[in-house]
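A structural walkthrough
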Amino acid sequence: EHMAAKSYGEVMAMAQREAKLVKIINSPEIFLLLARAASGLGDIQTATKMYSKCDKLFVEDEKPADLRLFTARAFIGQNKPKEALAQLDILGAQKIPAHYKTEVFELKGRIYSAQNRNLAAAKMYDRALANEANDCKRSALMIYKAKSLEAAGHIPQALEAVGEGIGKNGACGPAAGEHL
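Residues numbered from 1 in each chain as written. Predicted model: local features only at pLDDT ≥ 70, side-chain atom pairs only at ≥ 80, totals over all residues. Heavy atoms only, no water.

1. Concerning the overall build of the protein chain
Along its length, the protein chain carries ten helices and zero strands. In the protein chain, the order of α-helices and β-strands from amino to carboxyl end is α-α-α-α-α-α-α-α-α-α. In the protein chain, buried positions account for 38% of the 180 residues. Relative to all contacts within the protein chain whose residues are 6 or more apart in sequence, the contacts with residues 24 or more apart total 43%. Accessible area for the protein chain stands at about 10,300 Å²; split by element, carbon and sulfur atoms hold 54% of it. (Helix = DSSP H or I, 4+ residues; strand = E, 2+ residues; numbered from the N terminus. Buried < 20%, exposed > 50% of the residue type's maximum accessible area, 1.4 Å probe, protein only. Contact = heavy atoms within 4.5 Å. Areas by Shrake-Rupley, 256 points an atom, 1.4 Å probe, with all protein chains shown as cover.)

Put into structure tokens, the structure is as follows:
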């Protein structure tokens, strides 16, 4: 009930009070709940620790979308694009919420960009844009797409994409300009 109310601090406090019980139960569902709460609080270190614990305990085909995304991001951080793409491909084929699909395709686009597969990256950014995203996210995705198209030598399409990205950028504030 605390997670539904986004009372992440309450969830973490409850886990601390019941630390011995949490350790005894050793359940992937409990670690997933704690990972989500820590993530909601911005405690990346604890979230990472909890996601890592539940990753080892879940059966492969029962892993939830946020756990797979965490794993994919971790593989990207470890410069393991093949492993990250495997996780993202599984998510791309599953029925998951649109905001997860947006991130799946954005991450695939970033991997393809790093591999100089620029047209494939631009297509992934298009697929990300076809899903749920606020104006700031859409702006960033358009800028990433423009960079990929430019690198592929598709200058007119890149200019069009950057124009659309800049057009949505106004609502995002000064930090949004970092993508330009």
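We are not done yet, so read on.
2. A few points about the side chain of Lys 108
Note that Lys 108 resides in helix α7 (residues 98-114). Classification of Lys 108 as buried rests on a relative accessible area of 9%. Each residue touching Lys 108, except ones within four places of it in the same chain, is listed here: Leu 85, Leu 88, Asp 89 and Met 124.

3. Observations regarding the environment of Glu 150
Turning to its location among the elements, Glu 150 is positioned in helix α9 (residues 135-151). Placed 28 residues apart in sequence, Glu 150 and Ala 122 show a C-alpha to C-alpha distance of 9.9 Å. Glu 150 has contacts with Ile 155 and Ala 158, leaving out every residue within four places of it along the chain.

4. With respect to the packing of helix α5 (residues 65-77) against α7
Viewed as axis vectors pointing N to C, α5 and α7 meet at an angle of 15 degrees, and their least axial separation amounts to 11 Å. Of the possible angle classes, the one that applies to α5 and α7 is roughly parallel. Between α5 and α7 the crossing geometry is left-handed. In contact with Ala 65, Asp 66, Leu 69, Arg 73 and Ile 76 of α5, α7 contributes Tyr 100, Glu 103, Val 104, Leu 107 and Ile 111. (Axes fitted to C-alpha atoms, helices over the stretch in contact; angles between N-to-C directions. Parallel < 35°, antiparallel > 145°, perpendicular 65-115°, else oblique. Left-handed = near helix turned anticlockwise from the far one by under 90°.)

5. Structural notes on the pattern of salt bridges
On inspection of all chains with the given rule, the structure shows nine salt bridges. For Asp 55, the salt bridge goes to Lys 63, with nearest N and O atoms at 2.7 Å. Residue class for Asp 55 comes out partly exposed when judged on its relative accessible area of 24%. On the basis of relative accessibility, which here comes to 10%, the residue Lys 63 falls in the buried class. The salt bridge partner of Glu 103 is Arg 73, with a shortest N-O separation of 2.7 Å. In this pair, Glu 103 sits in helix α7 while Arg 73 sits in helix α5, placing the two residues 30 residues apart along the sequence. (Salt bridge = Lys/Arg side-chain N within 4 Å of Asp/Glu carboxyl O.)

6. Re unusual backbone geometry
The backbone of Asn 79 shows a phi angle near 55 degrees, a positive value even though the residue is not glycine. Inspection of the secondary structure assignment puts Asn 79 in the loop between α5 and α6 (81-93).

7. What about the confidence of the model for the protein chain?
Confidence in the prediction of the protein chain, expressed as mean pLDDT, is 83, and 82% of residues score 70 or more. The spread of mean pLDDT over the elements of the protein chain runs between helix α2 (residues 19-25), the lowest at 65, and helix α8 (residues 118-129), the highest at 96. Long-range and interchain partners of residues 1-5, a stretch whose pLDDT sits below 50, account for nine contacts in this model, where long-range means more than four residues apart. (pLDDT = per-residue confidence, 0-100.)

8. Structural notes on α6
Its 13 residues place the ends of α6 18 Å apart at the C-alpha level, agreeing with the 18 Å of an ideal helix rising 1.5 Å per residue. For α6, every residue scored as buried is listed here: Ala 84, Leu 85, Gln 87, Leu 88 and Leu 91. On an axial view of α6, the arc spanned by its buried residues comes to 160 degrees, and they lie on one face. Opposite the packed face of α6, turned more than 90 degrees from it, sit the exposed residues Lys 82 and Ala 93. Looking at the packing, one finds that the buried side of α6 touches α5 and α7. (Expected span 1.5 Å × (residues − 1). Arc of directions from axis to C-beta.)

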